[in-house]
Amino acid sequence: MNNGAIKKEEIKQEVFDLYDDYAHNRVSRREFMEKLSVYAVGSITLPALMSFLMPDYVHAIQVKADDPRLKSEYIHYNSDKGGGDIKALLSKPADTKGKLGGIIVVHENRGLNPHIEDVARRAALAGFISVAPDALTPLGGYPGTDDQGRELQSKRNRDEMLEDFIAAYTYLKNHKDCNGKIGVVGFCFGGWIANMMAVRIPELAAAVPFYGGQPPTELVPQIKAPLLLHYGELDTRVNEGWPAYEKALKENHKEYSAYIYPGVNHGFHNDTTPRYEKAAAELAWKRTIDFFKEKLS
């Protein structure tokens, strides 16, 4: 979020596109700041622009870590084919009676930061048991800043990280408070993970990728889980892969719903950055929870 000094409407789309390149390691921090300085004109200084674009984890948390409505704790589970011992946040309603549907919440390309922990708690508040793994655990875990988190995550193998989230499915399926029906929601990198878990896990009950990279079309026949896919209209990089994916889903008679939210960027659900679009984010989240309630009960 921002301090009010800069209004979102004042910022050119090219700035958001540049931030997207930076957030996905396509430009270095130095190159990002050099290119960003072009847009620092008049009262909009470079430090103000940087402050505006960077995530604000202090003021944007919706469900705090100590929320009395929840029981949240860090657990560890084993990922034999991935990173070994993996740390995760496990959350469930404090007044749990009976078994709950399970949701795996998959972070972006920077580890289990405060925002994704918040999203995992939101999922639990909706009546599920959620687990949010940190794929950076083998490297010491989320290091406290997204810049460092991105740097660490780039050192891990993407397919090994996929194994870590598949292992989280096994952990949750065997949990005493889970009814065995498990879905996955993921954002950006996590959206790709959600798509790939649908490919890899025949028993997966539901998958919800937010602006996630698509699986190879030749793998689409393996998908058994119903899909709910969210895309931002301005996210041209990720959206390039959607027509071929949709064609394969249709040709293979897969169950899916897809929404492209008009006028919003990649990351529109993340309420800690100015790419956040409240109306689209809230609608996408409502659709997600309704979908999980239908598929995981």
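For the structure itself, consult the block above.
Each value, and the rule that gives it
Residues numbered from 1 in each chain as written. Predicted model: local features only at pLDDT ≥ 70, side-chain atom pairs only at ≥ 80, totals over all residues. Heavy atoms only, no water. Helix = DSSP H or I, 4+ residues; strand = E, 2+ residues; numbered from the N terminus. Rg over C-alpha atoms; globule rule 2.2 N^0.38 Å. Buried < 20%, exposed > 50% of the residue type's maximum accessible area, 1.4 Å probe, protein only. Contact = heavy atoms within 4.5 Å. Areas by Shrake-Rupley, 256 points an atom, 1.4 Å probe, with all protein chains shown as cover. Pairing = 2+ DSSP bridges. Axes fitted to C-alpha atoms, helices over the stretch in contact; angles between N-to-C directions. Salt bridge = Lys/Arg side-chain N within 4 Å of Asp/Glu carboxyl O. Core = buried A, V, L, I, M, F, W, Y, C linked by side-chain atoms within 4.5 Å. Polar contact = N/O pair within 3.5 Å; in protein donor to acceptor, adjacent residues only side chain to side chain.

### Regarding the overall build of the chain
Phase 1: In terms of helices and strands, the chain carries ten helices and eight strands.
Phase 2: Over its C-alpha trace the chain gives a radius of gyration of 19 Å, about what one expects of a compact globule, namely 19 Å for 297 residues.
Phase 3: With the principal axes as the frame, the chain shows a C-alpha extent of 60 × 45 × 35 Å.
Phase 4: Per-residue burial over the chain gives 56% buried out of 297 residues.
Phase 5: For the chain, the share of sequence-separated contacts (at least 6 apart) that also reach a separation of at least 24 residues comes to 67%.
Phase 6: Here the chain displays about 12900 Å² of accessible surface, and carbon together with sulfur accounts for 52% of that area.

### Considerations on the sheet that holds strand E6 (residues 206–210)
Phase 1: Pairing in this open sheet of eight strands is mixed, and the strands run E1-E2-E4-E3-E5-E6-E7-E8 from one edge to the other. Lying at the two open borders of the sheet, with one neighbouring strand each, are strand E1 (70–79) and strand E8 (256–261). On average, each strand axis in the sheet is inclined to that of its neighbour by 20 degrees, with strand direction left out of account.
Phase 2: Taken together, the five bridges between strand E5 (residues 178–187) and E6 define a ladder with parallel strand orientation. When the sheet's bridge partners are listed, Gly186 is paired in E6 with Pro209.

### Remarks on the environment of Glu282
Phase 1: Its location among the elements puts Glu282 in helix H10 (residues 278–296).
Phase 2: Judged by its relative accessible area of 42%, Glu282 falls in the partly exposed class.
Phase 3: Through-space distance from the C-alpha of Glu282 to that of Pro68 is 23 Å; in sequence the pair is 214 residues apart.

### Some points on the pattern of salt bridges
Where side chains of opposite charge bring their charged atoms close, a pairing between them can arise.
Phase 1: Scanning all chains against the criterion turns up 24 salt bridges.
Phase 2: Two residues, Glu34 and Arg30, come together in a salt bridge whose shortest N-O distance is 3.5 Å. Placement of both Glu34 and Arg30 in helix H2 (residues 29–36) is noted, with a separation of four residues, approximately one turn of the helix.
Phase 3: Note on Glu34: relative accessible area 46%, which makes it partly exposed.
Phase 4: The closest approach of N and O atoms between Arg69 and Asp67, which form a salt bridge, is 2.7 Å.
Phase 5: Here the residues in one salt-bridge network are Asp20, Asp21, Arg26, Arg237 and Arg275, joined through shared partners.

### Some words on the nonpolar core
Phase 1: In this structure, Ile104, Met197, Leu204, Leu227 and Tyr245 are the most contacted members of the largest nonpolar core, which totals 45 residues.
Phase 2: Not counting residues within four places of it along the chain, the set of residues in contact with Ile104 comprises Val131, Pro133, Phe165, Ala168, Tyr169, Leu172, Ile182, Gly183, Val184, Val185 and Met197.
Phase 3: Counting 31 residues, the second largest nonpolar core, distinct from the first, contains Ile103, Ala205, Tyr211 and Trp285.

### Some details on the side chain of Asn239
Phase 1: Mapped onto the elements of the fold, Asn239 is located in helix H8 (residues 236–239).
Phase 2: A relative accessible area of 16% places Asn239 in the buried class.
Phase 3: A distance of 2.8 Å separates a polar side-chain atom of Asn239 from the backbone oxygen of Gly232.
Phase 4: Sequence-distant contacts of Asn239, that is, excluding residues within four places in its chain, are made with Tyr231, Gly232 and Glu233.

This is a description of form; function is not addressed.
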